[in-house]
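Observations on chain architecture
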Amino acid sequence: MPDTWGVRPPEGKITANFSWDEARCRCGCGRVAGIEVVKITAQWLEQVRAVFNKPIHINSWCRCPEHNAKLPGAAKHSYHMTGMAVDITIRGLTPFQVWFKLRWKHWGVKKLVGGLGRYASFTHVDRRAYAAKWGGDE
């Protein structure tokens, strides 16, 4: 793993409900895209969590470029590599239920989620500046 991507984060909590361990790349490099961007994403995730009033399980947050390239179907310029995207599950809800509730035209808050994707076992959410959604029955 080259030292050109990301930093090693501190231990412990980022916010009340999210930790640095959850944000780290899962490949074993243990890095995050950047301390400040991950802090902002964690604060934003608190808002997403508030929509459901339930804990969010993090499947994938930061990904180093090497790890991202090995994942089938991962976007070449994935927002995970910037620390601005998170794949989540919420206990007791299907990915479609999570996706549907966060859909901006249904929930009424256009800017909460930029990218919103539904997959078989998780929901992708990201902080991109424009609305993009996929995986629903449009």
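Above this note sits the structure.
So, a few notes on the structure that sits alongside this text. Not measured: the values here are computed from a predicted model. (Residues numbered from 1 in each chain as written. Predicted model: local features only at pLDDT ≥ 70, side-chain atom pairs only at ≥ 80, totals over all residues. Heavy atoms only, no water.)

Once that is clear, we can look at the overall build of the protein. Summing up its helical and strand segments, the protein has five helices and five strands in all. When the helices and strands of the protein are read in sequence order from the N terminus, they spell out α-α-β-α-β-α-α-β-β-β. When contacts within the protein are restricted to residue pairs at least 6 apart in sequence, those whose partners lie at least 24 apart make up 60%. As displayed, the protein has an accessible area near 7400 Å², and 55% of this comes from carbon and sulfur atoms. (Helix = DSSP H or I, 4+ residues; strand = E, 2+ residues; numbered from the N terminus. Contact = heavy atoms within 4.5 Å. Areas by Shrake-Rupley, 256 points an atom, 1.4 Å probe, with all protein chains shown as cover.)

With that settled, the discussion passes to the packing of aromatic side chains. If you walk through the whole model with that rule in mind, you get four aromatic pairs. Ring pairs connect the aromatic residues F96, W99 and F100, which therefore count as one cluster. (Phe/Tyr/Trp six-rings, centres within 6.5 Å; stacked < 30°, edge-to-face > 60°.)

Bringing the side chain of D87 into the picture now. Mapping D87 onto the fold places it in strand β2 (residues 85–89). Side-chain polar atoms of D87 contact the side chain of R63, separated by 3.0 Å. The residues contacting D87, other than those within four sequence positions of it, are H57, I58, N59, S60, R63, H80, F122, T123 and H124. (Polar contact = N/O pair within 3.5 Å; in protein donor to acceptor, adjacent residues only side chain to side chain.)

Attention now goes to helix α2 (residues 35–52). Residues that lie three or four places apart on an α-helix share one face, since the helix turns once every 3.6 residues. An ideal rise of 1.5 Å per residue puts 26 Å on 18 residues; α2 measures up with 26 Å between its terminal C-alpha atoms. Those residues of α2 not exposed but buried are V38, T41, A42, W44, L45, E46, V48, R49, V51 and F52. The positive-phi residue at the C-terminal boundary of α2 is N53, with phi of around 55°. (Expected span 1.5 Å × (residues − 1). Buried < 20%, exposed > 50% of the residue type's maximum accessible area, 1.4 Å probe, protein only.)

Any two side chains of opposite charge can pair, given that their charged atoms come close. Summed over all chains, the structure comprises five salt bridges. Ionic pairing is found between R63 and D87, a salt bridge with its closest N-O pair at 3.0 Å. Within this pair, whereas R63 is found in the loop between β1 (57–60) and α3 (65–70), its partner D87 is found in strand β2, the two being separated by 24 residues in sequence. This pair shows no difference in class: R63 is buried, exactly as D87 is. (Salt bridge = Lys/Arg side-chain N within 4 Å of Asp/Glu carboxyl O.)

Quick look at the nonpolar core now. Ranked by internal contacts, the top residues of the largest apolar core, which has 31 residues, are V48, W61, L102 and V125. Residue assignment for this core shows that the elements contributing at least two residues are α1 (20–23), α2, β2 and α4 (95–102). By residue number, the principal contributor to this core is α2, which donates seven residues. Not counting chain neighbours up to four residues away, the residues in contact with L102 comprise V48, V51, F52, L112, V113, L116 and V125. (Core = buried A, V, L, I, M, F, W, Y, C linked by side-chain atoms within 4.5 Å.)

Along the chain, the position of D126 falls in strand β4 (residues 123–126). By relative accessible area, D126 is classed as buried at 0%. Each C-alpha atom, one on D126 and one on A85, is 4.1 Å from the other, the two residues being 41 residues apart in sequence. In this view, D126 contacts W44, Y79, M84, A85, V113, G114, G115 and W134; residues no more than four positions away in its chain are not counted.

Another aspect to go through is the environment of A85. Topologically, A85 is positioned in strand β2. Residue class for A85 comes out buried when judged on its relative accessible area of 0%. Those residues in contact with A85 that lie beyond four places of it in its chain are S60, W61, Y79, H80, H124, V125 and D126.

The N-to-C vectors of α2 and α4 enclose an angle of 105°; their axes lie 11 Å apart at closest approach. In terms of their interaxial angle, α2 and α4 are classed as roughly perpendicular. Where α2 approaches α4, its residues V48, V51 and F52 are matched on the opposing element by V98, K101 and L102. Here the residues of the contact of α2 with α4 sort into five nonpolar, no polar and one charged. (Axes fitted to C-alpha atoms, helices over the stretch in contact; angles between N-to-C directions. Parallel < 35°, antiparallel > 145°, perpendicular 65-115°, else oblique. Nonpolar A, V, L, I, M, F, W, Y, C, P; charged D, E, K, R; others polar.)

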